[in-house]
Amino acid sequence: MKKYVILGNSIAALTAVRAIRSMDKEGQVTVVSAENHLPYSKVLLTHYIAGHVKVNNMYLTSPEEIKRLGVNVIYGTKAVGINISTREVILENGRCIAFDSVLAATGGSPVSESDSVNCISTGLRTIEDANLIIKTANSGGKILIAGGGLVGVKLACALNEAGYNAEMVIKSGHILSKVADDEAALRIQLHMQSKGICIRTGVDIERVEEDDHGRKIAVLSDGQKTECDMVVYCKGVRPNMHFIDKSACDRDGIITNKFMMAQMPGIYAAGDVACTMEITENAYHNISIWPNAVEQGRIAGLNMAGGKYEYRGSLSRNSLEILGLPFIRMGITNAKGAQKELDYEIESENNTYKKLVYRKGKMVGALLLGDVYEAGRLQSVIRENNKKLT
Amino acid sequence: MLTIKVDESKCTGCGKCAAVCSLSHGMEKGKRSIDLLPKPLVFLESRDQKNSISICRHCESPVCVNACVANALYIDDNTGVVGIDREKCVGCWSCVMECPFNAFRISTSAAKCDGCSDWDKPLCASFCPEGAITAERSPGRMSAFKRRKRAVLSNCGGTR
């Protein structure tokens, strides 16, 4: 009887368990969950804040399914190390669990600079974070969002939709600087501002101080001051991989091959903790998105149970709705260096913006704003154009 | 299990499929008004004198179900239909980003073909005069391999 240990308990872990059970009904599966409850969809947290979704609809599975899958879930603990020679996972409380194969699906934690501010501060990654944000907003507190990435934008929109006041403080020159080009970013920024969201670019939060009336005031790097009762850091996510030998990791994740195996036999990685081959960049990247986590979890699970399935490669892509304005981008959409190699095809109209990116005649990126219904077809074109000849 | 095939070169753009789709989904009693008819779940477009038909193929391993962050999309084990729970949908556009067949439209929540589960055959296929949309329900469970061979999945590239 094979022993499987799954570290983490979110979508990659859950899909892996389902995949293992589709092949191996007997094996002993242990899941190590840091959180004390059933896995829920972290992507829905901003929708939860906006009031679009009920808590009960956020769970990814049910106690019945866990029972049916025959999994032993250890709640409220983390792995601190993996002993390769004795093939054991070491938990926080010193307990060891033997394994034949182990999956690291521990996800990531938000980057936070909470030491530098003396007011409530948080990332947005757990339901507790979300509840804290709702509580502060409900009591009339002013929320400052540090970072203009996807989570920051979604959070600002969610708070706006729920009728609260939010202000974004973004270090770089424009919003969504990692995924959107200047034109799209400007359109999104103007759209958000027209809905009443205050966006400051090119500045950072220096410190938070108290004024004479006891109000918290954030001082920005350009000297401006703004009221602030809470700072939410949306400055990206670092993979939780402290338990893995550093030689198997890149700066942004555990490097995996096409079978989702790390550079140690029997150890697999999937989801936000894994570095996989990105097909348009042709390099290892950590692409922390939901559909990739699902696919990687399934491939890892099938291979752990003895299969030999190949992962088709990650494609960096995002979709979001910005207060009525849909936005989808995939592949290379914001190339900084090596611009010369790329050709662009741009269709720009009043309410829609579309940009296709080609490299040597092959489509490597697409950005759609306003009208996004072409996205699915464009994705299959990009995948087809960037297939590896093996 | 349901297999839908589309041959766009046969489509004349007559719109019968969309009309019967809308009618059959608006047949509840006491609700008979043209204005109350729901939007069709098969989407016709014509561009550069070419007609395109966008409809869900009810894939064996649907990429949209993988991508749905709200757990709103599911595969019905009995009928093989890819269904949607519109209560759960949050309108995040992930399914639009994934589906190579362009089978989704989003207003407040996503809408897609429901496979006309209470009919012997999806009505769009039954009424298409040119045979541009054809559908087949096969009895019992077919092996994944066989079904994949039968369904038109050439540019879907879904996971296994």
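This one's a predicted model, so the numbers in the text were calculated from it and none came from an experiment.

Engineer: Just to check I follow, could you spell out the overall build of chain A for this structure?
Structural biologist: Within chain A, the secondary structure is distributed over eight helices and 27 strands. Taking 21 Å as the expected radius of gyration for a compact globule of 390 residues, we find that chain A reaches 22 Å, a close match to that expectation. In terms of overall dimensions, chain A has C-alpha extents of about 65 × 55 × 40 Å along its principal axes. Taken over 390 residues, chain A has a buried fraction of 56%. At a minimum sequence separation of 6, the contacts of chain A that also span at least 24 residues come to 61%. Carbon and sulfur atoms provide 49% of the accessible area of chain A, an area that totals close to 17000 Å². Of note, chain A has its 46 positive side-chain charges centred 6 Å away from the centre of its 43 negative side-chain charges.

Engineer: Can you help me understand the packing of aromatic side chains in this one?
Structural biologist: The way to describe two aromatic rings as a pair is by their centre distance and the angle between their planes. Summed over the entire model, instances satisfying the criterion amount to one aromatic pair over all chains. With centroids separated by 5.7 Å and ring planes inclined at 55°, the aromatic side chains of Tyr373 of chain A and Trp93 of chain B adopt a geometry described as tilted. Taken together, the residues span two chains, with Tyr373 of chain A in the loop between strand S27 (362-369) and helix H8 (375-385) and Trp93 of chain B in the loop between strand S5 (82-84) and helix H3 (94-98). For the pair shown, Tyr373 of chain A and Trp93 of chain B are each scored as buried. The ring of Tyr40 of chain A carries the charged tip of Lys42 of chain A above its face, separated from the ring centre by 4.5 Å. A cation over an aromatic ring shows up here: Arg105 of chain B above the ring of Tyr373 of chain A, its NZ or CZ 4.5 Å from the ring centre.

Engineer: Explain the confidence of the model for chain B here, please?
Structural biologist: Keep in mind that low pLDDT regions are not for reading the predicted coordinates in detail. All names here are of chain B. Scored by pLDDT, chain B has a mean of 84; 86% of the residues are at 70 or more. When mean pLDDT is taken per element in chain B, H3 scores highest with 96 and helix H5 (residues 144-150) scores lowest with 48. Contacts of residues 147-160 to residues separated by more than four positions or lying in other chains number 39 contacts, the stretch itself having pLDDT below 50.

Engineer: I'm lost on the interface of chain A and chain B in this one. Help?
Structural biologist: For an interface, size is often stated in terms of accessible area lost upon the parts coming together. Listed as interface residues are 32 residues of chain A and, on the opposing side, 32 residues of chain B. Summing both partners gives a buried area of about 2700 Å² for chain A against chain B, and 53% of it is carried by carbon and sulfur. Seen at the junction of chain A and chain B, the total is one salt bridge. Ionic pairing is found between Glu98 of chain B and Arg317 of chain A, a salt bridge with its closest N-O pair at 2.5 Å.

Engineer: Can you walk me through the pattern of salt bridges in this structure?
Structural biologist: A pair can form between side chains of opposite charge whenever their charged atoms are brought close. All names here are of chain A. For the structure on display, the rule yields 21 salt bridges over all chains. Two residues, Glu310 and Lys258, come together in a salt bridge whose shortest N-O distance is 3.8 Å. In this pair, Glu310 sits in the loop between helix H7 (290-304) and strand S23 (317-322) while Lys258 sits in the loop between strand S19 (253-255) and strand S20 (267-269), placing the two residues 52 residues apart along the sequence. With relative accessibility at 38%, the residue Glu310 sits in the partly exposed group. Look at the salt bridges and you will find they share partners, linking Lys142, Glu167 and Arg200 into a network.

Engineer: How should the packing of helix H1 (residues 11-23) of chain A against H7 of chain A be read in this particular structure?
Structural biologist: All names here are of chain A. Their axes nearest at 7 Å, the elements H1 and H7 cross at an angle of 35°. Pair H1 / H7 crosses with right-handed handedness. Between H1 and H7, the contacting residues are Ile11, Ala12, Thr15, Ala16, Ala19, Ile20, Ser22 and Met23 on the first element and Trp290, Ala293, Val294, Gly297, Arg298, Gly301, Leu302 and Met304 on the second. In terms of residue class, the contact of H1 with H7 is made up of eleven nonpolar, four polar and one charged.

Engineer: Is there a simple way to explain the sheet that holds strand S6 (residues 96-98) of chain A in this structure?
Structural biologist: Within a sheet, each strand pairs with its neighbour through backbone hydrogen bonds, oriented either parallel or antiparallel. All names here are of chain A. Strand order across the open sheet formed by three strands is S4-S5-S6, with antiparallel pairing between neighbours. Across the chains shown, the open sheet's two edge strands, defined by having one partner strand only, are strand S4 (79-83) and S6. Looking at each pair of strands side by side, their axes are set apart by 25° on average, direction ignored. Pairing of S4 with strand S5 (residues 88-91) involves four bridges; the strand directions are antiparallel. Among the inter-strand pairings, Asn83 is bridged to a residue of S5, identified as Glu88.

Engineer: I would appreciate a short explanation of the pairing of strand S2 (residues 28-33) of chain A in the present structure.
Structural biologist: Two faces make up the sheet, and in a regular strand the side chains alternate between them. Residue and element names in this part refer to chain A. When you tally the buried positions in S2, you get five out of six residues, the bulk of the element. Sheet topology note: the strand S1 (residues 3-7)/S2 ladder contains five bridges and is parallel. Bridge pairing in S2 places Lys3 opposite Gln28. On the question of chirality, the crossover connecting S1 to the parallel S2 by way of H1 is right-handed.

Engineer: Help me understand helix H1 (residues 16-24) of chain B, please; the structure alone is not making it clear to me.
Structural biologist: Given 3.6 residues per turn, any residue in an α-helix points the same way as the ones three and four places further on. Inspection of H1 of chain B places Cys17, Ala18, Val20, Cys21, Ser22 and Ser24 of chain B among the buried residues, and these make up the whole buried set. Where the residues of H1 of chain B are buried, they touch strand S2 (43-47), helix H4 (123-127) and strand S8 (133-137) of chain B.

Engineer: I would appreciate a short explanation of the pairing of strand S12 (residues 198-201) of chain A in the present structure.
Structural biologist: All names here are of chain A. Bridge count between strand S11 (residues 166-170) and S12: four bridges; the pairing is parallel. Residue pairing for S12: Glu167 is matched across the bridge by Cys198. In this fold, S11 hands off to helix H6 (residues 182-194), which returns the chain to S12; that crossover is right-handed.

Cut-offs applied
- Counting restarts for each chain, with residues numbered from 1 along the sequence as it is written.
- Chain letters start at A and ligand numbers start at 1, both assigned in the order the entries are written.
- Note on the predicted model: pLDDT of at least 70 is required for a residue's local features to be given, and 80 or more for side-chain atom pairs to be given and counted; whole-chain, interface and lining totals, by contrast, use all residues.
- Only heavy atoms go into the side-chain values, all of them from the structure, while hydrogens and water stay out.
- A run of H or I in DSSP becomes a helix once it reaches four residues, and a run of E becomes a strand once it reaches two; helices and strands are each numbered from the N terminus.
- Restricting the calculation to C-alpha atoms gives the radius of gyration, and the globule rule supplies 2.2 Å times the number of residues raised to the power 0.38.
- Under the scheme applied here, a residue whose accessible area is under 20% of the maximum for its type counts as buried, over 50% as exposed, and between as partly exposed, the area being computed with a 1.4 Å probe on protein chains only.
- Contact definition: two residues touch when any of their heavy atoms are within 4.5 Å.
- Here, Shrake-Rupley sampling with a 1.4 Å probe gives the accessible areas, and only protein chains in the shown set may cover a residue.
- Charged residues are defined narrowly, with Lys and Arg counted positive, Asp and Glu counted negative, and His plus the chain ends left uncounted.
- The atom standing in for a charge is NZ when the residue is Lys, CZ when it is Arg, CG when it is Asp and CD when it is Glu.
- Centre distance within 6.5 Å is the pairing criterion for rings of Phe, Tyr and Trp, where only the six-membered ring of Trp is used; planes under 30 degrees apart are then read as stacked, over 60 as edge-to-face, and the remainder as tilted.
- As a reminder, the over-ring test applies to NZ of lysine and CZ of arginine, requiring each to be within 6 Å of the ring centre and within 35 degrees of the ring normal.
- How sure the predictor is of each residue is captured by pLDDT, a score from 0 to 100.
- Here's the idea: put two parts together, see how much 1.4 Å probe accessible area each one loses, and the total over both is what we call buried area.
- Salt bridges, as used here, are contacts in which a Lys or Arg side-chain nitrogen is within 4 Å of a carboxyl oxygen on Asp or Glu.
- To get an axis, fit a line to the C-alpha atoms, keeping to the stretch in contact for a helix; angles then go from 0 to 180 degrees between the N-to-C directions.
- For any helix crossing, the convention is left-handed if the near helix is rotated counterclockwise from the far helix by under a right angle, and right-handed if that rotation is clockwise.
- Each residue gets one of three labels, nonpolar for Ala, Val, Leu, Ile, Met, Phe, Trp, Tyr, Cys and Pro, charged for Asp, Glu, Lys and Arg, and polar for the others, Gly among them.
- The criterion for strand pairing is that DSSP finds at least two bridges linking the strands in question.
- Seen with its strands pointing away from the viewer, a crossover is right-handed when the path leading from the first strand over the helix to the second is clockwise.

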